[in-house]
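Topology and contacts: notes
Single-letter residue listing:
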Amino acid sequence: MNPLDLIDHPPADAEPARNGAFSAQVMERVRQAAHRPSPAAPARWPWAVAAVVAALLSCPLPDWELDADLAPDPLLAAELLAISLVAGIVLLATRRSA
Amino acid sequence: MSHYISTADDDRRDVRRVLDGDVEAFAALVDRHQGRLIAHLRRLVGPDDAEDLAQEAFVRAYQALDRYDPTYPVRAWLLVIASRLATNHLDRNRQRCMSDTATLAAPHHDDPAVACAERDAATDLQHRLDRALAALPVETRTLYELRFRQELDLPCLARYLGISNGALKVRIHRLRQHLAGALGITMGDTP
């Protein structure tokens, strides 16, 4: 026999006959896996919440006591909330694309 | 040939059924491929752990079925999953099962002439090849098994290994050169 032929075409291994018990064990594990949430898809909402909180914390809030002109008003609160949400969405998008 | 085409078609149909929610259709894939998978794993990790790893390979395949690329055969995909599990298993245990097995199966003779006189030449070549394979790092041995014994085609193998066709050809050429050297023959340098 040509040694190169032996390297390129090694004899196939004998395959064991189909084993019903093996199949049953595999299918039992597959059925269990089918009822579990996929580990490949972890929830993303904690990151979204963390990003929004981080954005809120990073926003400079006016010091009401030192600057009386900046009294709390609904418009300012709405602006702060909008800025925080935009920042949170940007942070989240950055993380997902990384 | 028609048998393989038919099997590939059946595989794709069963994968589609499982993805559509019919979990029990996966049993057909297990029945169809368990023999080859176990035989492949026996060669890589030895007989004791082969069935456990084959089970694990099927479960991993099921969990990753939505990422299966139907342009490649299911058989190749399963063999690659099983090979990765075998590599991790051997790395973990730091064992060289087949090294021991090959050594036991083919007692070493210091004098090749004596060995050839005692055995049929083809059997002797086979034992020398087994010993050379057993001495290889597990990743290289796995590459040999997938390419030559399981006959996975180059594009498929390159894709699953995450390397280019060219890089794969170079690796395979070096592997053949190494094995040819172990069998006492010389090859050219061109892949």
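Presented here is an overview of the structure given in this document.

Thresholds, definitions, all that
Residue numbering note: each chain is counted from 1, following its sequence as written. To read the labels, note that chains go from A and ligands from 1, taken in the order they are written. Reporting of local features is limited, given that this is a predicted model, to residues whose pLDDT is at least 70; pairs of side-chain atoms are given and counted only at 80 or more, and all residues count toward the totals for whole chains, interfaces and linings. The side-chain quantities take in all heavy atoms of the structure and omit both hydrogens and water. Helix numbering and strand numbering both begin at the N terminus, where a helix is a DSSP run of H or I of at least 4 residues and a strand a DSSP run of E of at least 2. When accessible area is computed with a 1.4 Å probe and restricted to protein chains, residues below 20% of their type maximum are described as buried, those above 50% as exposed, and intermediate ones as partly exposed. Note on areas: Shrake-Rupley, 1.4 Å probe, and residue coverage restricted to the protein chains presented here. To estimate the expected span of a helix, subtract one from its residue number and multiply by 1.5 Å. Contact between two residues is taken to exist if any of their heavy atoms lie within 4.5 Å; hydrogens are not considered. The rule for a salt bridge is simple: a side-chain nitrogen of Lys or Arg has to be within 4 Å of a carboxyl oxygen of Asp or Glu. Here a polar contact is recorded for every N or O atom pair within 3.5 Å, except that within protein the pair must consist of a potential hydrogen donor and a potential acceptor, and residues adjacent in sequence are included only if both atoms are side-chain atoms. Any residue that is not Ala, Val, Leu, Ile, Met, Phe, Trp, Tyr, Cys, Pro, Asp, Glu, Lys or Arg is counted as polar, Gly included; the first ten are nonpolar and the last four charged. Here, nonpolar core refers to any group of buried Ala, Val, Leu, Ile, Met, Phe, Trp, Tyr and Cys residues whose side-chain atoms link them within 4.5 Å. For Phe, Tyr and Trp, rings pair up if their centres lie within 6.5 Å, where Trp contributes its six-membered ring, and each pair is then called stacked (planes under 30 degrees apart), edge-to-face (over 60) or tilted (otherwise).

**So, the overall build of chain A**
A tally of regular secondary structure across chain A gives 4 helices and 0 strands. Along chain A, helices (α) and strands (β) appear in the sequence α-α-α-α when read from the amino end. Taking all 98 residues of chain A together, the buried fraction comes to 17%. In the structure as shown, chain A presents an accessible area of about 7,200 Å², 65% of it carried by carbon and sulfur atoms.

**Remarks on helix α8 (residues 138-149) of chain B**
Residue and element names in this part refer to chain B. For α8, with 12 residues, the first-to-last C-alpha span of 15 Å sits near the 16 Å given by 1.5 Å per residue. By the burial criterion, the buried members of α8 are V138, R141, T142, L143, Y144, E145, L146, F148 and R149. In the segment just after α8, E151 is the residue with positive phi, at about 55°.

**Some words on the interface of chain B and chain A**
At the interface, 34 residues of chain B touch 28 residues of chain A. E56(B) is the salt-bridge partner of R29(A), the closest N and O atoms lying 2.5 Å from each other. Linking chain B with chain A are 13 residue pairs in polar contact (both at pLDDT 80 or more), by the criterion used here. Counting residues per element, the side of chain B that touches chain A draws most heavily on helix α2 (residues 26-45) of chain B, which supplies 11 residues. Across the side of chain B that touches chain A, the residue classes break down as 19 nonpolar, 5 polar and 10 charged.

**Re the nonpolar core**
All names here are of chain B. Core analysis: the biggest nonpolar cluster contains 63 residues, and F26, F58, W77, L129, Y144, Y160 and L179 have the highest contact counts within it. Here the element with the most residues in this core is helix α4 (residues 74-93); it accounts for 11 residues. In this view, Y160 contacts Y68, Y72, P73, A76, W77, V80 and R84; residues no more than four positions away in its chain are not counted.

**A few points about the pattern of salt bridges**
Residues and elements named next belong to chain B. Under the criterion given, the structure shown has 21 salt bridges over all chains. Linking D14 and R13 is a salt bridge whose minimum nitrogen-to-oxygen distance equals 3.3 Å. Take D14: its relative accessible area is 0%, and that puts it in the buried class. The exposure class assigned to R13 is partly exposed, which follows from its relative accessible area of 43%. Among the ionic contacts, a cluster of salt bridges with common partners joins D10, D11, R13, D14, R17, D22 and R32.

**Structural notes on the packing of aromatic side chains**
One pass over the full model with this rule turns up 6 aromatic pairs over all chains. Their ring planes at 70° and their centres at 6.1 Å tell us that F22(A) and F58(B) sit as a pair that is edge-to-face. Of this pair, F22(A) sits in helix α2 (residues 20-34) while F58(B) sits in helix α3 (residues 47-63), on two different chains. The burial state of F22(A) is the same as that of F58(B); both residues are buried. With 5.0 Å between their ring centres and 35° between their planes, Y144(B) and F148(B) make a pair best called tilted. Separated by 4 residues within a single helix, Y144(B) and F148(B) lie in helix α8, roughly one turn from each other. Side by side, Y144(B) and F148(B) carry an identical accessibility label, which is buried.

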